[in-house]
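Overview (structure and organization)
So the chains spell out like this:
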Amino acid sequence: PHGFRLTLEKCGVRLAAFKAFPDHYAFNSADLVALADWVRATGATAVACTTKDLVKLRVDDLGGAPLWSLEIGIDFGSQQAAFEAQLAAIQSPNA
């Protein structure tokens, strides 16, 4: 959760509030009601979560605010081929 928050902040997102749940948390209907109430209380205009949590929440909005997910990727640029070669070398059973 801390890393996700830092990523949002580094992307320039202005957080109205932040709520963290344990990794692999199993959301239930009571959680959705509580989250919707919390979102309304914060005055947030949108809600961000991980893509993994978006799939588990199975809703498009919380408390009237759209629910968005942040997908994080990595780009090695001109070093992509070198990275893939190194990865292949350590994954090879003959290495």
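The following refers to the structure shown. (Residues numbered from 1 in each chain as written. Predicted model: local features only at pLDDT ≥ 70, side-chain atom pairs only at ≥ 80, totals over all residues. Heavy atoms only, no water.)

**A short note on the overall build of the protein**
Rule in force here: Secondary structure follows DSSP: runs of H or I at least 4 residues long count as helices, runs of E at least 2 residues long count as strands, and numbering of each begins at the N terminus. Only the C-alpha atoms count toward the radius of gyration. The rule for a globule is 2.2 Å times the residue count to the power 0.38. In this scheme, a residue with accessible area under 20% of its type's maximum is buried, one over 50% is exposed, and one in between is partly exposed, where area comes from a 1.4 Å probe on protein chains only. Contacts are residue-level and defined by heavy atoms, with any inter-residue pair within 4.5 Å sufficient. Using a 1.4 Å probe, accessible areas were evaluated by the Shrake-Rupley method; residue-level cover was limited to the displayed protein chains. When charges are tallied, Lys and Arg are placed among the positive residues and Asp and Glu among the negative ones, while His and the ends of the chain are skipped. A charged residue contributes its charge at one atom only: NZ of Lys, CZ of Arg, CG of Asp or CD of Glu.
When helices and strands are counted, the protein shows 4 helices and 3 strands. For the protein, the α and β elements follow one another from N to C terminus as α-α-β-α-β-β-α. The C-alpha radius of gyration of the protein comes to 18 Å, more than 25% above the 12 Å expected for a compact globule of 95 residues. Taken along its principal axes, the extent of the C-alpha atoms in the protein is 55 × 30 × 20 Å. Of all 95 residues assigned to the protein, the portion counted as buried reaches 15%. Considering only contacts in the protein between residues 6 or more positions apart, those separated by 24 or more positions represent 33%. Here the protein displays about 7000 Å² of accessible surface, and carbon together with sulfur accounts for 56% of that area. When the 8 positive and 10 negative side-chain charges of the protein are each reduced to one mean point, those points stand 7 Å apart.

**Quick word on the environment of Phe83**
Turning to its location among the elements, Phe83 is positioned in helix α4 (residues 80-91). Accessibility expressed as a relative area gives 34% for Phe83, which makes it partly exposed. Taking the C-alpha atoms as reference, Phe83 lies 34 Å from Leu67; in sequence the two are 16 residues apart.

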